[in-house]
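# Tertiary structure, described
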Amino acid sequence: MDFCSLLTCIVTLLGFSVPCLANNITVYSAQLGETLTIVCPYRYRADRWARKLWCKEDEVGACEAVVSAHRYSLSGSKTFGSTTISDNAYEGMVTINITNLQKDDAGVYQCRTVIFGDIGILQKIKVLVLEDNLPGNVSPLDKVQYSISGLQSDNQLPLMLLILGSSLLLCKVLVMGLLYSSWWKIQTEK
């Protein structure tokens, strides 16, 4: 494999890895049998009259509706099975409660808005169902901090920026190497 092919492979891999790093999935976890509460804020003016939908992604990434909030309502809730969705248009947020959490509740979900057929994803959520107790005596505050993560977590954003910055720096070095290699080849042929 020559240098140009290697450079092309590396740049292609970096190009595909950056969108994966930017995939904003918030992780919520709770113990088996507990109630899990998820909050999805939305833009007050733009989304308040949209239907709010809670759906679960299947193996191929299609999102199947679990429950949706009433349309054109400033507040109210709707329940399907163990899942309740509440839309508070005054606050600009959707709240989802999953009671009596079971193993099959684990997976990737989406908070969505639907208005005139246009679908907007408010947030992607990964739900983890923990079977073992959290280590030691854990306060409710520590439990919340343990259960919620994602790009909104303060400790992951610097890591993401470091990876993105390193990737861009590596790309620059490789391009400069390619340019120098091409220049050197032209100089030696003269």
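Residues numbered from 1 in each chain as written. Predicted model: local features only at pLDDT ≥ 70, side-chain atom pairs only at ≥ 80, totals over all residues. Heavy atoms only, no water.

The name given to the chain in an unreviewed UniProt entry is Ig-like domain-containing protein, and the organism recorded there is Staurois parvus.

Turning our eyes to something else, we now look at the pattern of salt bridges. All chains considered together, the criterion is met by four salt bridges. A salt bridge links K52 to D87; its shortest N-O distance comes to 3.0 Å. Of this pair, K52 sits in strand β3 (residues 51-57) while D87 sits in strand β6 (residues 83-88); the two residues are 35 residues apart in sequence, bridging distant segments of the chain. Note on accessibility: K52 and D87 belong to one class, buried. (Salt bridge = Lys/Arg side-chain N within 4 Å of Asp/Glu carboxyl O. Helix = DSSP H or I, 4+ residues; strand = E, 2+ residues; numbered from the N terminus. Buried < 20%, exposed > 50% of the residue type's maximum accessible area, 1.4 Å probe, protein only.)

Below, the discussion takes up the environment of I98. Within the secondary structure, I98 sits in strand β7 (residues 93-98). A relative accessible area of 1% means that I98 is categorised as buried. C-alpha of I98 to C-alpha of T79: the two residues are 19 residues apart in sequence and 9.7 Å apart in space.

Attention shifts here to the pairing of strand β8 (residues 107-115). Judged from the six bridges that link them, β3 and β8 form a sheet pairing that is antiparallel. Note on β8: the bridge partner recorded for K52 is T113. Bridge count for β8 against strand β9 (residues 118-130) is nine bridges, and the pairing is antiparallel. Residue pairing for β9: G107 is matched across the bridge by V127. The hairpin turn running from β8 into β9, its antiparallel successor, is two residues long, and F116 in that turn takes a positive phi close to 50 degrees. (Pairing = 2+ DSSP bridges.)

Side chains of nonpolar character tend, in soluble globular proteins, to be buried together. Judged by nonpolar contacts, the single largest core of 20 residues is most densely connected at L36, I38, W54, I85, I96 and I125. Where this core is concerned, the elements lending two or more residues are β1 (25-31), β2 (36-41), β7, β8 and β9. (Core = buried A, V, L, I, M, F, W, Y, C linked by side-chain atoms within 4.5 Å.)

The next point concerns the pairing of β1. The buried fraction of β1 is high, at six of seven residues. In the sheet, β1 pairs with β9 via seven bridges, with the strands oriented parallel. Bridge pairing in β9 places T26 opposite I125.

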